[in-house]
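So you can see what is in the structure, the chains are spelled out below.
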Amino acid sequence: MSENKPLNSSDQEVDLSQIFSKMGLFVDRVFLRLFEGFLFLKRNVLVLIVLFVLGAGLGLFLDKSRTAYDHEIIVMPNFGSTDYLYGKVALLNSKIKENDSLFLQKLGFDTRLKLRNIEITPVIDVYKFVGNDEQRLELVKLMADEGGAAKSIENELTSKNYPFHQLSISTAKKVGQDDFVKPLQEYLNDSKYFSAIQKESLKNLEMSRKENDSILKQINTLLNNFSKNPKGPSSSLVYYNENTQVNDLIKNKELLIKQQGNNRLDKINFDSVIKEISLVTNIKNVKSINGKLKFLAPLLFVGLFIFGSLFVSFYQKLKVKYNK
């Protein structure tokens, strides 16, 4: 069997000397590149300063001329008008993408705003969707069991039934009430069919309110009469609780009071087919490169100059090498 021969001290010294020699060459190259870079900056310092100033000026100009503003409007479609709302938004967005200025002017939009896009998404709120409706609760449970809770909450069938939806709009200029908000509201509410539904719904709401008020007065009269002339040996609370007719009257009264409260809220919400809930306009968009060109342009100009100089230097070296 062959035995491994131990390395003698001379071999180890040779290996170490080679390693240190390579490390020394590497360090020399690094310092050489740094020195060449310093000489390059020294030779071109005026050019680099000019390019940096020009880039900063151009970037500042572009930041002012390429402004973008976001606007968020939360709306509530009434009378089953959710699909109608999504259709109107899709039509408007297509006209914006086509740059159909005549269509936008006809609606009352100021074309100088430069509408860029409009999108609509549901405001995910399972609690408002379910409310006190047991059928909706069972529907959400069933969908969660079949496809997972997250998917069932966000799928199209469920999302269209959420009460609130958010409109996200982008423009190049700041908007105002008359040149943007009012035309948008009028456009979204421009439906003869749903306007007729709204009118009749308000009539039904007022009729329900009056009838409930009348029934509440009758219930109060009966309860007052009963408290004055109770039938039975005792007028105590125990007797009242045991009296089925009185309990039914009290429960009906509570339900009617709750319904009247909902009617008053509905009267506020039903003043528009597409009810505006909240409005936030003129949020300056600083995403992507918006508002950052005054910093990026100087770096781009300087970077292109350095890259071009390196390319020219590399090309000259290759030319000299292959000409030999």
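What counts and what doesn't
- Residues numbered from 1 in each chain as written.
- Predicted model: local features only at pLDDT ≥ 70, side-chain atom pairs only at ≥ 80, totals over all residues.
- Heavy atoms only, no water.
- Salt bridge = Lys/Arg side-chain N within 4 Å of Asp/Glu carboxyl O.
- Helix = DSSP H or I, 4+ residues; strand = E, 2+ residues; numbered from the N terminus.
- Pairing = 2+ DSSP bridges.
- Axes fitted to C-alpha atoms, helices over the stretch in contact; angles between N-to-C directions.
- Contact = heavy atoms within 4.5 Å.
- UniProt positions renumbered as here; feature names shortened; annotations may be inferred.

S.K.: Just to check I follow, could you spell out the pattern of salt bridges for this structure?
M.R.: Counted by the stated rule, this structure contains six salt bridges. The closest approach of N and O atoms between Glu206 and Arg209, which form a salt bridge, is 2.5 Å. On the criterion of helical spacing, the pair formed by Glu206 and Arg209 is a turn pair, its members being three residues apart in helix 10 (residues 192–228). Here the salt bridges do not stand alone but share partners, grouping Glu206, Arg209 and Asp213 into one network.

S.K.: What is the right way to look at the sheet that holds strand 3 (residues 165–171) in this model?
M.R.: Paired through backbone hydrogen bonds, the strands of a sheet run either parallel or antiparallel to each other. Pairing is antiparallel in the open sheet, where four strands are placed in the order 2-3-1-4. Pairing within the sheet leaves two strands with one partner each, and these edge strands are strand 2 (115–122) and strand 4 (274–284). Going from strand to strand, the sheet's axes swing by 15° on average, the running direction of each strand aside. Of the strands in this sheet, strand 1 (69–77), strand 2, strand 3 and strand 4 are in contact with helix 3 (residues 82–97), which crosses strand 2 at around 160°. Contacting strand 1, strand 2, strand 3 and strand 4, helix 9 (residues 177–188) runs over the sheet at an angle of about 145° to strand 4.

S.K.: Can you help me understand the UniProt feature "transmembrane region" (unreviewed entry) in the protein chain in this one?
M.R.: With numbering aligned to this structure, UniProt lists the feature "transmembrane region" (unreviewed entry) at residues 45–62 and 295–315. Spanning residues 45–62, this segment combines 100% helix with 0% strand, and its end C-alpha atoms are found 26 Å apart. A distance of 31 Å separates the end C-alpha atoms of residues 295–315, which is 100% helix and 0% strand.

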